[in-house]
Every structure is written in structure tokens, then in C-alpha cells.
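So the chains spell out like this:
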Amino acid sequence: MPEVIAWVLVLAVAAYACAGGTDYGAGFWDLLAGGAERGERPRRLIDHAMGPVWEVNNVWLIFVLVVMWTGFPTLFQAVFGALWLPLALAAVGLVLRGAGFALRKPVRRLAQRRVYGAVFALSSLVTPFFLGAVLGGIASGRVAVGTTASADAWANPTSVIAGLLAVAAAAFLGAVYLWMDTHGELESQTDADTQAGRAPGNTL
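What you see is a predicted model; the values in this text were computed from it and never measured. (Residues numbered from 1 in each chain as written. Predicted model: local features only at pLDDT ≥ 70, side-chain atom pairs only at ≥ 80, totals over all residues. Heavy atoms only, no water.)

## Regarding the nonpolar core
Note the cut-off: To qualify as a nonpolar core, a set must consist of buried Ala, Val, Leu, Ile, Met, Phe, Trp, Tyr and Cys residues joined through side-chain atoms within 4.5 Å. Classification of residues uses two cut-offs on accessible area relative to the type maximum, computed with a 1.4 Å probe and protein chains only: under 20% is buried, over 50% is exposed, and between them is partly exposed. Every helix listed is a DSSP run of H or I at least four residues long, and every strand listed is a run of E at least two residues long, numbered separately from the N terminus. We call two residues contacting when some pair of their heavy atoms lies within 4.5 Å.
Of all hydrophobic cores here, the largest spans 17 residues; its most connected members are Leu9, Met68, Val79, Leu83, Leu87 and Val143. Elements with a contribution of two residues or more to this core: α1 (2–31), α3 (58–71), α4 (73–82), α5 (84–104) and α6 (110–139). Per-element tally for this core: the top contributor is α4, with four residues. The residues touching Val79, leaving out its near neighbours within four places in the chain, are Met68, Trp84, Leu87, Ile138 and Val143.

Structural data, given as C-alpha cells:
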């Protein structure tokens, strides 16, 4: 039975890495989209692509926590005891990210949109980095039953590299998803620009 639960946990983590990673990747490209004028179209496409799914992805994270808590309570206690700080920072990033994404669209003032957009984009980097750092700490054997919270459990070379890889993987997944979701619209716009004698618009 523990092996079955472990495989369910692995599959759930993989599902969250793909779905949630795509979500975070959209925020990464939002950060690099440019200023208000240059980045308006890419950000509009990001809102269009992520709007229907951005809340659903975190259901996988909740599922992972519930399975881990009920199936492996000792492991759950060890992980959250040793790595509570990066997990708390990731949770703060999740909240700020959702607030920034939800609030930047209805506001009209450019200054407010920039603030909410920056919160959304920066939180999209912070959250996967700390989640990756947690995985790096677990994978490097720095978390065990009875381990107390310490910076070495997550602020070590393995955790930092894992965090950066998580950000890079999210950026790649986000780029693929955004292209797949919007390439038809982009091709139509490019054809229209070409027929009108204009230079094709910027694409993601």
C-alpha cells in the first residue's frame, strides 16, 4: 500500500510541475514582455491564455499536500519542520501572484497596473524557486526525521540549482503553452498585417 500511495504522490507532483510550471512560466514571460506599450499585446495574450486555468492548477498542489499528510505523516512533519521558511515564502508568493493577476486587469490607472503586474511577475519567479529549493533539500538528504529547521536544509548549492532549474523549466513550459494557445491568433494577425502592408506585430 505505501508503494501505491508513493506512486500517486509522484504522479501528482509531476502533474503540478507541468500544470503549475506552465502557469509560473507565463509570469516569467510577462516580466520580460517590455514596457506598457511594447508589452501590451503579449500581456493581453498571457491573460487570454491563463485566465481560464490559472486557479485550477493549484488544486494539484493541495492534492499533493493531502496525500503526503495522510499517507506519510512522518515525512510530512519532517519536511515542514525543516523547510518551513521556503515553504512559507512559496505560499506568500502564491497569494501575491494570484492577487496581482486578478487585480491588474480591472484597474484603469497605468501606475496601478504596473504595480499589480510586477507583483504577479516577480511572484511567478519566487514561488517556483522556493519550491525547487525544497525539492533540492529533500533530494540532497538534508531532511530527515527529527531534523530541525536550518538554513542549510534549503540554502545550499543543490537547493539553489534546483530552484533555478525549476524557474527555467517553468519558463520553457510557459513558452510552449502560450505558443500553442495563441499561435492561431498570432498567425491571423500576422497575415492581416502583411496584407495591409504593415510590419508584423510582436509575438511572444
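Moving on from the model shown.
## Some words on a nonpolar patch on the surface
This is how it is decided: Note on patches: the residues involved have over 30% relative accessible area and no salt bridge, like charges join within 9 Å, and the nonpolar side chains Val, Leu, Ile, Met, Phe, Trp and Tyr join within 5 Å. Residue burial considers only the protein chains on display, and all accessible areas are found by Shrake-Rupley using a 1.4 Å probe. The salt bridge definition used is simple: a Lys or Arg side-chain nitrogen within 4 Å of an Asp or Glu carboxyl oxygen.
Where nonpolar side chains cluster on the molecular surface, the patch consists of Met1, Val4, Val8, Trp60 and Phe63 and spans about 500 Å² of accessible area. Of all the secondary-structure elements, those providing two or more residues to the nonpolar patch are α1 and α3. Tracing the backbone through its elements, the reader meets Val4 in helix α1.

## Details of the pattern of salt bridges
When the charged atoms of two side chains with opposite charge come close together, those side chains can pair. Taken as a whole and judged by the stated rule, the model has three salt bridges. Salt-bridge contacts for Asp23 lead to Arg97; the nearest nitrogen and oxygen are separated by 2.8 Å. Placement of the pair is Asp23 in helix α1 and Arg97 in helix α5, with a sequence separation of 74 residues. Of the charged contacts in the structure, one is a salt bridge between Asp30 and Arg43, with a shortest N-O distance of 3.5 Å. A residue pair is termed long-range when its members are at least 10 positions apart, and Asp30 in helix α1 and Arg43 in helix α2 (residues 40–50) qualify at 13 residues. When its relative accessible area of 2% is taken as the criterion, Asp30 is described as buried.

## Describing the side chain of Asn156
Using the following cut-off: Polar contacts, as counted here, are pairs of nitrogen or oxygen atoms within 3.5 Å of one another; within protein the pair requires one atom able to donate a hydrogen and one able to accept it, and residues that are adjacent in sequence qualify only if both atoms are side-chain atoms.
Mapped onto the fold, Asn156 is located in the loop between α6 and α7 (157–195). Look at Asn156 and you get buried, because its relative accessible area is 3%. A distance of 3.4 Å separates polar atoms of two side chains, one belonging to Asn156 and the other to Arg142. A distance of 3.4 Å separates a polar atom in the side chain of Asn156 from the backbone oxygen of Ala153.

## Observations concerning the environment of Ser159
Mapped onto the elements, Ser159 comes out in helix α7. In this structure the C-alpha to C-alpha distance between Ser159 and Phe129, which are 30 residues apart in sequence, comes to 9.0 Å.

## Overview of the environment of Ala168
Position of Ala168 relative to the elements: it lies in helix α7. Residues Ala168 and Phe28, spaced 140 residues apart in sequence, show a C-alpha to C-alpha distance of 9.2 Å.

## Examining α5
Along an α-helix, residues three or four apart share an orientation, since each turn contains 3.6 residues. Put simply, the rule reads: Expected helix span is computed as 1.5 Å times (number of residues minus one). What the arc covers is the set of directions going from the helix axis to the C-beta atoms.
Between its first and last C-alpha, α5 extends 30 Å over 21 residues, near the 30 Å set by a 1.5 Å rise per residue. Where α5 is concerned, the buried positions are Pro86, Leu87, Ala90, Gly93, Arg97, Gly98, Gly100, Phe101 and Arg104. In an axial view of α5, the angular spread of the buried residues amounts to 165°, which keeps them on one side of the axis. Contacts from the buried residues of α5 go to α1, α2, α4 and α6.

## With respect to the environment of Ile62
Along the chain, Ile62 falls in helix α3. When the C-alpha atoms of Ile62 and Ala12 are compared, they prove to be 9.8 Å apart, with 50 residues separating the residues in sequence.

## Focus: the packing of α1 against α3
Each pair of packed helices gets described by two things: the angle between the helix axes and the distance between those axes. Selection rule: For helices, the fitted axis covers only the stretch in contact; all axes are lines through C-alpha atoms, and the angles between them, taken along N-to-C directions, range from 0 to 180 degrees. With respect to orientation, any angle under 35 degrees is reported as roughly parallel, any angle over 145 as roughly antiparallel, any angle of 65 to 115 as roughly perpendicular, and every other angle as oblique. Throughout, a crossing is termed right-handed when the near helix is turned clockwise from the far one, and left-handed when it is turned anticlockwise from it by less than a right angle. Gly falls in the polar group here, along with every residue not listed as nonpolar (Ala, Val, Leu, Ile, Met, Phe, Trp, Tyr, Cys, Pro) or charged (Asp, Glu, Lys, Arg).
Two elements in contact, α1 and α3, have axes separated by 8 Å at closest approach and are oriented at 155°. With respect to each other, α1 and α3 are oriented roughly antiparallel. Once α1 is placed against α3, the crossing between them reads as left-handed. Contacts between α1 and α3 involve Ile5, Val8, Leu9, Ala12, Val13, Ala15, Tyr16, Ala19 and Tyr24 from the former and Asn58, Trp60, Leu61, Phe63, Val64, Val67, Met68 and Gly71 from the latter. Partitioning the contact of α1 with α3 into residue classes produces 15 nonpolar, two polar and no charged.

## Some thoughts on the confidence of the model for the chain
Keep this limit in mind: The pLDDT score gives, residue by residue, the confidence of the prediction method on a 0 to 100 scale.
Considering every residue of the chain, the mean pLDDT works out to 81; 86% of them sit at 70 or more. Contacts from residues 190–194, a stretch scored under 50 in pLDDT, to residues over four places away or in other chains number six contacts. With pLDDT under 50 throughout, residues 197–204 is counted as low confidence; its partners more than four residues away or in other chains account for 16 contacts.

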